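# Fold and contact review
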Amino acid sequence: MAVGRGNRWMVARGSRNAAIVRRSLSVLVVVVGTLAFASCAGTQRTAVEHTIQLGDGWWIQASSLCTHPAEAIATTGFATTDWHQTTAPSTVLAALVRNGTYPDPFFGRNLEGIKVEQFREPWWYRTEFTLDGSTAASHVRLVLEGVNYSAEAWLNGRKIAERPDILGAFRVFEIDVTGRLRRGANALAIKVFPPEPGDFTIGFVDWNPKPPDNNMGLWRPVKLRVSSTVALDEVFVQPSLDPSLKHAPLAISALLTNNGDREVKASVAGSIEQLSFAKKFTLGPKEKRRITLSAAEFPQLRLENPRLWWPNNLGEPNLYRLKLAVLAGGRVSDRQEVSFGVRSVSDYMNEQGHRGYRINGKPVLIRGGGWVDDLFLREDPARLEAEIAYARHMNLNTIRLEGFWGSSQKLYDLADRYGIMLMAGWSCQWEWKDYLGKDVDEKFGGVQSPADMELVARSLHDQVVWLRNHPSIFVWVVGSDMLPRPELEKKYRSMLAETDPTRPMLAACSVRTSEVSGPTGVKMNGPYDYVTPNYWYEDTERGGAFGFNTETGPGPQPPPLESLKRMLPPDHLWPIDTMWDYHCARNEFNTIGRYVKALEKRYGLPAGVEDFARKAQLANYEAMRAMFEAFEVRRPVTTGIVQWMYNAAWPKLYWQLYDYYLMPNGAYFGARTACRPRNLIYDYGDHAVWAVNDGPDPVVAASAEIRVFDLRSKEVFATSRTVDIQVDSPVRVADLSGVKDLTPVYFLDLRLKGRDGAALASSFYWLSTKKDILDPNGSEWFVTPNKAFADFTALAQLPEVAIEVTQRIEEAEGTQRVHVSLVNPSPAIAFFIELKLVGAQSGRTMLPVLWDDNYLSLLPGERRELTATIESRVTGGEQVVVRHTGYNVKSR
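Let us look at the structure shown here. (Residues numbered from 1 in each chain as written. Predicted model: local features only at pLDDT ≥ 70, side-chain atom pairs only at ≥ 80, totals over all residues. Heavy atoms only, no water.)

It is worth spelling out the overall build of the protein chain at this point. For the protein chain, the count of helices and strands is 16 helices and 49 strands. Taken against the 2.2 N^0.38 rule, which gives 29 Å for 892 residues, the C-alpha radius of gyration of the protein chain at 28 Å falls within 12% of a compact globule. If one aligns the C-alpha atoms of the protein chain with their principal axes, the spans along those axes are about 90 × 60 × 60 Å. For the protein chain, buried positions account for 64% of its 892 residues. Between the mean site of the 102 positive side-chain charges and the mean site of the 103 negative ones, the protein chain shows a separation of 4 Å. (Helix = DSSP H or I, 4+ residues; strand = E, 2+ residues; numbered from the N terminus. Rg over C-alpha atoms; globule rule 2.2 N^0.38 Å. Buried < 20%, exposed > 50% of the residue type's maximum accessible area, 1.4 Å probe, protein only. Lys, Arg positive; Asp, Glu negative; His and termini not counted. Charge placed at Lys NZ, Arg CZ, Asp CG, Glu CD.)

Here we have three strands laid out as an open sheet, ordered β34-β35-β38, and antiparallel in their pairing. Edge positions in the sheet fall to β34 (678-682) and β38 (731-735), since each has one partner strand and no second. The sheet shows a mean angle of 20° between the axes of neighbouring strands, taken without regard to direction. Bridge analysis of strand β35 (residues 688-693) against β38 gives four bridges, and the strand direction is antiparallel. (Pairing = 2+ DSSP bridges. Axes fitted to C-alpha atoms, helices over the stretch in contact; angles between N-to-C directions.)

Let's shift gears to the packing of aromatic side chains. Scanning the model with the defined rule gives 58 aromatic pairs in all. Ring geometry for Trp574 and Trp580: centres 6.4 Å apart, planes at 75°, overall edge-to-face. Judged by relative accessible area, Trp574 falls into the partly exposed class, the value being 33%. Here the basic side chain of Arg307 rests over the ring of Tyr320, its NZ or CZ set 4.4 Å away from the ring centre. The ring of Tyr887 is capped by Arg614, whose NZ or CZ atom sits 4.4 Å from the centre of that ring. (Phe/Tyr/Trp six-rings, centres within 6.5 Å; stacked < 30°, edge-to-face > 60°. Lys NZ or Arg CZ within 6 Å of the ring centre and 35° of its normal.)

Among the six residues that make up strand β33 (residues 638-643), six are buried, leaving the element largely enclosed by the rest of the structure. Both strand β25 (residues 366-371) and β33 contribute to a ladder of four bridges, which runs parallel. Bridging from a neighbouring strand, Arg367 pairs with Ile641 of β33. Here strand β32 (residues 547-552) pairs with β33 via four bridges, running parallel. Across the sheet, residue Asn549 finds its bridge partner in β33, namely Ile641.

As a further point, take the pairing of strand β5 (residues 123-131). In terms of burial, β5 is a largely internal element, seven of the nine residues being buried. Both strand β2 (residues 58-62) and β5 contribute to a ladder of five bridges, which runs antiparallel. Note that in β5 the partner of Ile60 across the bridge is Tyr125. Here β5 pairs with strand β11 (residues 184-193) via nine bridges, running antiparallel. Residue Phe129 lies in a different strand from β11, and its bridge partner there is Asn186.

With that settled, the discussion passes to the pattern of salt bridges. Per the counting criterion, the structure on display carries 54 salt bridges. Through salt bridges with shared partners, a single ionic network connects Lys362, Arg367, Glu632, Arg635, Asp694 and Asp728. (Salt bridge = Lys/Arg side-chain N within 4 Å of Asp/Glu carboxyl O.)

Our focus in this paragraph is the packing of helix α5 (residues 381-393) against helix α6 (residues 410-418). At a minimum axis separation of 10 Å, α5 and α6 run at an interaxial angle of 35°. Crossing hand, α5 versus α6: right-handed. Contacts between α5 and α6 involve Pro381, Leu384, Glu385, Ile388, Ala389 and Arg392 from the first element and Lys410, Leu411, Leu414, Ala415, Arg417 and Tyr418 from the second. A breakdown of the residues in the contact of α5 with α6 according to their chemical character gives eight nonpolar, no polar and four charged. (Left-handed = near helix turned anticlockwise from the far one by under 90°. Contact = heavy atoms within 4.5 Å. Nonpolar A, V, L, I, M, F, W, Y, C, P; charged D, E, K, R; others polar.)

Another point: α6. In terms of burial, α6 is a largely internal element, seven of the nine residues being buried. Taken together, the buried positions of α6 are Leu411, Tyr412, Leu414, Ala415, Asp416, Arg417 and Tyr418. Trailing α6 by a residue or two, Gly419 shows a phi angle of about 75°, which is positive.

Further remarks concern helix α13 (residues 593-603). Within α13 the residues assigned to the buried category are Tyr595, Val596, Ala598, Leu599, Arg602 and Tyr603. For α13, the buried positions fall inside an angular range of 165° around the axis, keeping them on one side. Looking at the buried side of α13, the elements it contacts are α14 (609-633) and β40 (759-768). Taken from the residues just after α13, Gly604 is the one with a positive phi, measuring 100°. (Arc of directions from axis to C-beta.)

What follows concerns the state of the cysteines. Across all of its chains, the model carries zero disulfides by this definition. Cys509 takes part in no disulfide bond, and the closest cysteine sulfur, belonging to Cys428, lies 10.0 Å away. (Disulfide = S-S within 2.5 Å.)

A few words on the sheet that holds strand β12 (residues 217-218). A sheet is described by the order of its strands in space; here three strands give the open sequence β4-β12-β7, paired in antiparallel fashion. Every interior strand has two partners, whereas the edge strands, β4 (90-91) and β7 (147-148), have only one.

With that settled, the discussion passes to unusual backbone geometry. Of note, the bond from Asn148 into Tyr149 is cis; its omega dihedral lies within 30 degrees of zero at 15°. Note that Tyr149 resides in the loop between β7 and β8 (150-155). The amide bond that connects Leu847 to the next residue, Pro848, takes the cis arrangement and shows omega of 0°. With a phi close to 55°, Asn214 is a non-glycine residue in the positive phi region. Inspection of the secondary structure assignment puts Asn214 in the loop between β11 and β12.

What follows concerns the environment of Ala828. In this structure, Ala828 sits in the loop between β44 (815-823) and β45 (830-839). Sequence separation between Ala828 and Leu858 is 30 residues; the distance between their C-alpha atoms is 8.8 Å. Those residues in contact with Ala828 that lie beyond four places of it in its chain are Ser713, Pro799, Val801, Leu858 and Pro860.

Attention shifts here to the side chain of Ser768. As for its position among the elements, Ser768 is in strand β40. Relative accessible area serves as the criterion here: at 6%, Ser768 is assigned to the buried category. Looking at Ser768, its side chain comes within polar contact range of the main-chain oxygen of Asp791, at 3.2 Å. Beyond its immediate stretch of four places on either side in the chain, Ser768 contacts Pro744, Tyr746, Ala790, Asp791 and Phe792. (Polar contact = N/O pair within 3.5 Å; in protein donor to acceptor, adjacent residues only side chain to side chain.)

Taken by themselves, the reported measurements are silent on function.
Written out as structure tokens, the structure reads:
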């Protein structure tokens, strides 16, 4: 949990939370507090390592290419000269790609060249590892945290698990291997069987092509859990936060297991920062007992004035760390460490019957995106941190996990640190015939038989126990498009009441009414394809700004030109052809035709791929900004909005706020602008300007500055208003419907300043006197078309301007902060300026990067100061320079 040198750029220096995290999570020593061990003074801790990760030294091979007996494969010294080296976790195809078996499968149509037949048979995973004598003689369990989809296992030449014992992509398996390990070298072999049609496996639905191997393999970590006489498992910290937020009694539960055949006396001891506690237990032979240490018994577990965990923009996401150990026979028998946050979660229904959520008693407008893992489930820690940091940088507070839960707990650790809430739940792939490949119940989907229900209920149980200490998770979602059948929902509810009563459960993400839990209070009514900005304000029946829209968005977000060149062969860059379609989604979304039609109507025919990419970022920006802003303006009728999607499993043109290469697109900065906690917003529905406050405190005597410019950059309207903005209560500041002397295209500049004159937010809109007109009667489930489009073709008449750009680089602790000064000396607006940090020699864009602002416009004579932040490792030692282009700006 400590912030490493290579990751420091992501945590804002000077942040109170960063300091707390570093102090509270890295300064603590490995041993539990001395007070907790007072009853065992004078004893020595065992040298046994209680968790051993089996991550390196794995080899894989197709079973048809390895005819040796399983017992031989699981024997030390077995020759793997014709096998493929890998690590765990890794899917089969991820290992083959990493070894160079196939050319870049993400370029062009290379993915089609990977034959699926080889993945219809089982594959062997094999590794050897070395143990010392004390570990080999201990009680040891082999833990498989994720196997897709079933497996058999052998250890040191002996079979330890049959295929029915290891079944289910979302189960966590423990195999007792006590007495089967050796001092020195050990060999482990796992035969993994692929998922078959109808299995409840990992799936990408219609988001992108399927991985040819269907993600078969050991897709989550493999480890050994080592203990002596008594094992300590399933540690869970449950805070109960007082409504005053000043008191937080803790309840700490755990599962104790006596591994021996005799009664044993044990002590459980723990510490949280400076407080410590201990309690004695007596366990019978082979007894398993769930224990609870509560504040009623240990007053020190009642935290006074606790540091609370808050979502992004509402406060600091403070974390605590518990160290817990069980001692038996004068030794530490087992130990665990968990991080946790003090916060409360509840849901509610507003006056209109829409479900919302409260954190620490405060209603939170959900602002997020739908997550997807890498197409081959590869997880790089630095990349993962960049992706979560992007969410915070965009001022989002939520990521929805639909059927993708990450290949480790790193995703959740990062979300905890960055204050990003997580909706964790199952995929609609389990609900539709097209994806399961079998007949399904039209009301409840494919989880039908008692065996199916038992499997998925156990799967949810394993995920909840694995993840429940993470404060970032605020709801368990047990259905996507459909409800679970009543008997299954009852199983879920009963399990959650026992294993995690700290969070609500949501039965489905669509408009449904459960006979068990009543109305879901959320909606999933689209759109999923391009809609014009006014849609979100004008639609009152589908996906518009009312309620909690759990997945929606304005469709495609083509990336900038540089990324298009990385994913498409040169001879397919222009015109748009089937190669582009291959990098779209599937079914109704296998082309960007509807998006292109609107782009051409509104901005004019692109002259080539460079012009298309430029205009696409304009369309991406305004479409994404309007969606998020409409849900801000319509509070409290609105309670949440999740952009479909947040990120990309591979290089694509649809549903992304940044692309697979971590290149932010126009939609990224449209979202960042729209979701500022204090903001001025233009309402495309009633042509008014609204002031919003989604921060923790009221804003008093702020200044709202509103200016309108025509296409010649002449100011035709200006006003300034003093406004108080209460939290969660939008204020209508000005009506612009009567502004006169407008050209066919005109500009709106909004600036919000605090009472002290400090800038709080700014927004710049390009508007047309010809309005976008929706055609609701022509709506389909995934889009509402237009009868007419706005006309921005006059933007081509903007005079070309040259801006002045200077830069200064500040480097410290592995981070480069590039301070950029932009000046527009001309009498014309410098419109939609795109900024990049590139290598001075290579011209390579440095990614990931955090820009204060991008795709911005400068008024005549305006100066703007910005900062871009990157990790020094990203540069590879190359000097970085700022390059810019713009709609009417000379490139440099």
